[in-house]
Amino acid sequence: MGDIVIQVNDLRKSFKANHVLKSVSFEIRRGEIFALLGSNGAGKTTIVNILSTLMKPDGGNASICNYDVVHQPEKVRQSISLTGQYAAVDGILTGLENLVLIAKLRCVKNSNAVAVNLLKRFGLGEATDKRAAVYSGGMTRRLDIAMSLIGNPDVIFLDEPTTGLDPEARIEVWKTVKELSNSGTTILLTTQHLEEAEQLADKIAILHGGNIIANGTLDELKKLFPPVKKEYIEKQPTLEEIFFAIIGAGKAEAQ
Amino acid sequence: MKNTLILFLRLMKHIQRSPETIMSAMVQPILIMLLFVYVFGGAIKASLPDGVNYVNFQLPGILVMAIAYNTSYTALRMFSDKGKGIFNRLNSMPINRSSTLWAHVFASIVSSLLSLAMVFAAAFIIGFRSNANILEWLAVAGILATLSLALTWVAVIPGLIAKTTDGASFLAFPLVFLPLFSSAFAPTETMPAALRIFAENQPLTPIVETVRSLINCEPTGNDIWIALAWCVGIMVVAWIFAMRVYKRQT
Ligand SMILES: Nc1ncnc2c1ncn2[C@@H]1O[C@H](COP(=O)(O)OP(=O)(O)OP(=O)(O)O)[C@@H](O)[C@H]1O
Ligand SMILES: [Mg+2]
């Protein structure tokens, strides 16, 4: 168990009469993948925005690497990287130019080499010099995540990283997230996709009605909600398993 | 400062790579100039004193229009950066936040200056001539640069607050049409009373008149100070307002 990297305490935020966050508290340890589950409008993006210093909370406090997000935002920004809910890539620039831009802003040496490596790693080698506007949704998302990795931030926020991706692209993203976490990066991921949380997360928190109503490992959550009755049924393949069986992608084994 | 430059160069790539920006911000003012000189010019000349070079007469209005067209694209570029989450990404990075805004401002001014240079070149081809000395030219450059800075700050506001692309361009729209309702293209004497009062007192009129006097080597009188006061006034008010909007959003 690593030390605590993200500490959120009694965080509150309202938009006029809309009390989005009532009292949100959680902590995330170094190298953990923390999944924040919640339906549309639950306030996931709001939490991510507050933690990435884009928005000020109404009350409570939050710190990242021991720096307060409200009072020491510059320090916080040194440690984080944001992949927002909607891919923030510049369509008029090429994939390479997008990455070089961020590398230069983060004062990374050999920005070009770093960018080329990332493009290869994310399977975008072919599209290096194509404008990002012509990328598919999955390619755009991969470029977007690649942009967030530049400068090796300690903490990465991924706001619904796989929404709108096909199952194959989703598994690609999952693989990347796992690799990142193995290399010690702390990841806060929001999702509406239950399976994504199951697949990836070390800890899962459920945000509902402005509060975290459950928080723990998958096993802990399962214990909280024991099966009401036992049923013995023939196991049916899930649609996902069928999909992969038909397209014959060996990638399904990644699960 | 270094980050402002990096982000500025990114925006210059945008301008260079989008043909519609080049067409409407750089070429359109020239087409409008051709329209005034060759289509309306003959008729308008009748109400001007003898011997007036109409290319010289209408040029200041076209220059103002070119600045307005360019700054309206600034609003669109800012809106697009905001909508796509590029502002959010940049604002969560360890860079000075104001560099994002200043990069847009510089890109706006540089594109205006490029566009002005093209208008001057086109005007020269169709008969613009001036005996102005270096001081007068410096004064022209100073006024146009101040105006483009002022209108850029005006354009930042719709760029930040608009909810849709149409909104961003619609809010910048009046800037482009304002020069038409001034003494830029025709003398105000022939306009209906209400319009005339507006035309003679709106900020672009002293600006246009000053530039016209300077390029024609005529005394500017008080106009130059009124023009500068308007430019600086608009700039300061728009800047305060834009900064307030920007701070509230970040
Ligand atoms: N800037 C804002 N101004 C006003 N209301 C806002 C603002 N941002 C978010 N909200 C409101 O806060 C609530 C939570 O929004 P948020 O985007 O955090 O939800 P979310 O969990 O990310 O939802 P989704 O799954 O749809 O992305 C919504 O009701 C939304 O309308
Ligand atoms: Mg969201």
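The written sequence of each chain sets the order in which its residues are numbered from 1. Written order determines the labels here, with chains lettered from A and ligands numbered from 1. Totals for whole chains, interfaces and linings use every residue, but because this is a predicted model, local features are given only for residues with pLDDT of at least 70 and side-chain atom pairs only at 80 or more, for both listing and counting.

Undergrad: Which parts of the structure should I look at to understand the overall build of chain B?
TA: A run of H or I in DSSP counts as a helix once it spans at least four residues, and a run of E counts as a strand once it spans at least two, with each numbered from the N terminus. Helices and strands together make up the secondary structure of chain B, namely 10 helices and 0 strands. Ordered by position from N to C terminus, the α and β elements of chain B give α-α-α-α-α-α-α-α-α-α. The reference for a compact globule is 2.2 Å times residues^0.38; the radius of gyration itself is calculated from the C-alpha atoms. Computed over the C-alpha atoms, the radius of gyration of chain B is 19 Å, within 12% of the 18 Å expected from 2.2 N^0.38 for a compact globule of 250 residues. Dimensions along the principal axes, computed over C-alpha positions, put chain B at roughly 60 × 35 × 35 Å. In this scheme the burial state of a residue depends on its C-beta neighbours within 10 Å: 20 or more other such atoms mean buried, 12 or fewer mean exposed, and anything in between means partly exposed; the C-beta positions come from the backbone. Among the 250 residues that make up chain B, the fraction classed as buried is 43%. Two residues qualify as being in contact provided that their C-beta atoms, derived from the backbone, are within 7 Å of each other. In chain B, the share of contacts with a sequence separation of at least 24, taken over all contacts with a separation of at least 6, comes to 80%.

Undergrad: Sorry, what's going on with the overall build of chain A here?
TA: Looking only at helices and strands, one finds 9 helices and 10 strands in chain A. Here chain A holds 255 residues, and the buried ones make up 44% of them. For chain A, restricting intrachain contacts to residue pairs at least 6 apart in sequence, the fraction spanning at least 24 positions comes to 67%.

Undergrad: Quick question: what am I supposed to make of the site of ligand 1 here?
TA: Residue and element names in this part refer to chain A. The full set close to ligand 1 counts 13 residues, and Phe15, Asn40, Lys44, Thr45 and Thr46 are the nearest of them. Of all the elements in the fold, those that place two or more residues in the shell around ligand 1 are strand E2 (18-29) and helix H1 (44-51). If one sorts the elements of the shell around ligand 1 by residue count, H1 sits on top with 3 residues. Here the term charged refers only to Asp, Glu, Lys and Arg, the term nonpolar to Ala, Val, Leu, Ile, Met, Phe, Trp, Tyr, Cys and Pro, and the term polar to all other amino acids, Gly among them. Here the shell around ligand 1 is composed, by residue class, of 3 nonpolar, 9 polar and 1 charged. The rule is simple: place the C-beta atom from the backbone, and if it lies within 6 Å of a molecule or strand, the residue is near it.

Undergrad: Please clarify how the nonpolar core should be interpreted in this entry.
TA: Soluble globular proteins: nonpolar side chains tend toward being buried together. Counting residues in each nonpolar core, the largest one holds 71 residues, and the members touching the most others are Phe34(A), Ala35(A), Leu51(A), Leu99(A), Ile187(A) and Leu189(A). The leading source of residues in this core is helix H3 (residues 95-105) of chain A, at 7 residues. For Leu189(A), the contacting residues outside a window of four places in its chain are Ile33(A), Phe34(A), Ala35(A), Leu158(A), Pro161(A), Val177(A) and Leu200(A). To define a nonpolar core, we join buried Ala, Val, Leu, Ile, Met, Phe, Trp, Tyr and Cys residues through C-beta atoms within 7 Å and take the resulting set. The next biggest cluster of nonpolar side chains, apart from the first, holds 59 residues, and it includes Ala25(B), Ala123(B), Leu144(B) and Phe185(B).

Undergrad: Got a minute to help me understand the interface of chain A and chain B in this structure?
TA: In many reports, interface size means the accessible area that the parts give up when they come together. Taken together, the contact between chain A and chain B spans 18 residues of the former and 18 residues of the latter. Elements supplying a minimum of two residues to the side of chain A that touches chain B: helix H2 (73-79), strand E6 (80-83) and H3 of chain A. Considering only residue class, the side of chain A that touches chain B consists of 9 nonpolar, 4 polar and 5 charged.

Undergrad: What should I look at first to understand unusual backbone geometry in this one?
TA: It is generally the case that most residues other than glycine have a negative phi and that most peptide bonds are trans. Residue and element names in this part refer to chain A. Even without a glycine there, the phi angle at Cys65 is positive, about 50 degrees. Mapped onto the secondary structure, Cys65 falls in the loop between strand E4 (59-64) and strand E5 (67-68). Backbone geometry places Asn152, a non-glycine residue, at a positive phi of 45 degrees. By the element assignment, Asn152 lies in the loop between helix H5 (137-149) and strand E7 (155-159). A tally of 13 C-beta atoms within 10 Å means that Asn152 is categorised as partly exposed.

Undergrad: Would you take a moment to explain helix H2 (residues 19-45) of chain B for this structure?
TA: Within an α-helix, residues lying three or four positions from one another point in the same direction, as the helix has 3.6 residues per turn. All names here are of chain B. To get the bend at a residue, fit one axis to the 7 residues ending there and another to the 7 starting there, then take the angle between the axes. Helix geometry: H2 is bent most strongly at Val39, by close to 50 degrees. Among all positions of H2, only Ala25, Met26, Pro29, Ile32, Met33, Phe36 and Val37 are buried. The inward-facing, buried residues of H2 abut helix H3 (54-83) and helix H5 (98-125).

Undergrad: For this particular structure, what's the right way to read helix H6 (residues 167-182) of chain A?
TA: Here a helix's expected span is defined as the number of its residues, less one, multiplied by 1.5 Å. With 16 residues, H6(A) extends 23 Å between its outermost C-alpha atoms, agreeing within 8% with the 22 Å of an ideal straight helix rising 1.5 Å per residue. Here H6(A) has its buried residues at Arg170(A), Ile171(A), Glu172(A), Val173(A), Val177(A), Leu180(A) and Ser181(A).

Undergrad: Quick question: what am I supposed to make of the pairing of strand E1 (residues 4-15) of chain A here?
TA: For a regular strand, the rule is simple: side chains alternate between the two faces of the sheet. Residues and elements named next belong to chain A. Direction of pairing for E1 relative to E2: antiparallel, over a ladder of 8 bridges. Along E2, the bridge assignment pairs Leu11 with Val24. The criterion for strand pairing is that DSSP finds at least two bridges linking the strands in question. For E1 and E4, the ladder comprises 5 bridges, and the chain directions are antiparallel. Bridge pairing in E4 places Gln7 opposite Ser63.

Undergrad: Would you take a moment to explain the packing of helix H6 (residues 134-161) of chain B against helix H10 (residues 223-249) of chain B for this structure?
TA: How two helices pack is summed up by the angle between their axes together with the distance between the axes. Residue and element names in this part refer to chain B. Axis definition: a line fit to C-alpha positions, over the contact stretch in the case of helices; interaxial angles, taken between N-to-C directions, run 0 to 180 degrees. Running from N to C, H6 and H10 cross one another at 25 degrees; their axes reach a closest spacing of 8 Å. One way to sum up the angle between H6 and H10 is to call them roughly parallel. For H6 against H10, the interelement crossing comes out left-handed. Grouping the amino acids of the contact of H6 with H10 by side-chain chemistry returns 24 nonpolar, 2 polar and no charged. What sets the label is the angle itself: under 35 degrees gives roughly parallel, over 145 gives roughly antiparallel, 65 to 115 gives roughly perpendicular, and the rest give oblique. What makes a crossing left-handed is the near helix being turned counterclockwise from the far one by less than a right angle; a clockwise turn instead makes it right-handed.

Undergrad: Please explain the confidence of the model for chain A as it appears in this structure.
TA: Should the pLDDT be low somewhere, the predicted coordinates at that spot are not to be read in detail. A residue's pLDDT is simply how confident the predictor is in it, with values from 0 to 100. Taken over all residues, the pLDDT of chain A has a mean of 88, while the share at 70 or more is 89%. Contacts of residues 250-255 of chain A to residues separated by more than four positions or lying in other chains number 6 contacts, the stretch itself having pLDDT below 50.

Undergrad: Quick question: what am I supposed to make of the pairing of strand E8 (residues 186-191) of chain A here?
TA: Residues and elements named next belong to chain A. Counting buried positions along E8 gives 6 out of 6 residues, so the element sits mostly inside the fold. What you see with E8 is no split at all: Thr186, Leu188 and Thr190 on one side and Ile187, Leu189 and Thr191 on the other are buried throughout. Relative to E8, strand E3 (residues 33-37) runs parallel, the two being bridged by 5 bridges. What sits directly across from Leu37, in E8, is Thr191. Two strands pair when backbone bridges link them, and E7 and E8 are joined in this way by 5 bridges, in the parallel orientation. Counted as the bridge partner of Leu158 is Leu189 from E8. Orient the strands so they point away from the viewer; a crossover is then right-handed if the path from the first strand over the helix to the second runs clockwise. Chirality of the crossover, the property in question, places the unit of E7, H6 and E8 among those that are right-handed.

Undergrad: Can you walk me through the environment of Phe87(B) in this structure?
TA: Residues and elements named next belong to chain B. With respect to the secondary-structure elements, Phe87 resides in helix H4 (residues 86-91). A count of 22 C-beta atoms within 10 Å places Phe87 in the buried class. Between the alpha carbons of Phe87 and Phe173 there is a distance of 24 Å; along the sequence they are 86 residues apart. If we ignore the near neighbours within four places in the chain, the residues touching Phe87 are Asp81, Lys82 and Thr100.

Undergrad: Got a minute to help me understand the packing of H6(B) against helix H9 (residues 204-215) of chain B in this structure?
TA: Residues and elements named next belong to chain B. Between H6 and H9, whose axes approach to 9 Å, the crossing angle comes to 160 degrees. Relative to H9, the element H6 is oriented roughly antiparallel. Read as a crossing pair, H6 and H9 show a hand that is left-handed. When H6 is examined against H9, the residues Glu136, Ala139, Val140, Ile143 and Leu147 are found in contact with a partner set consisting of Ile207, Thr210, Val211, Leu214 and Ile215.

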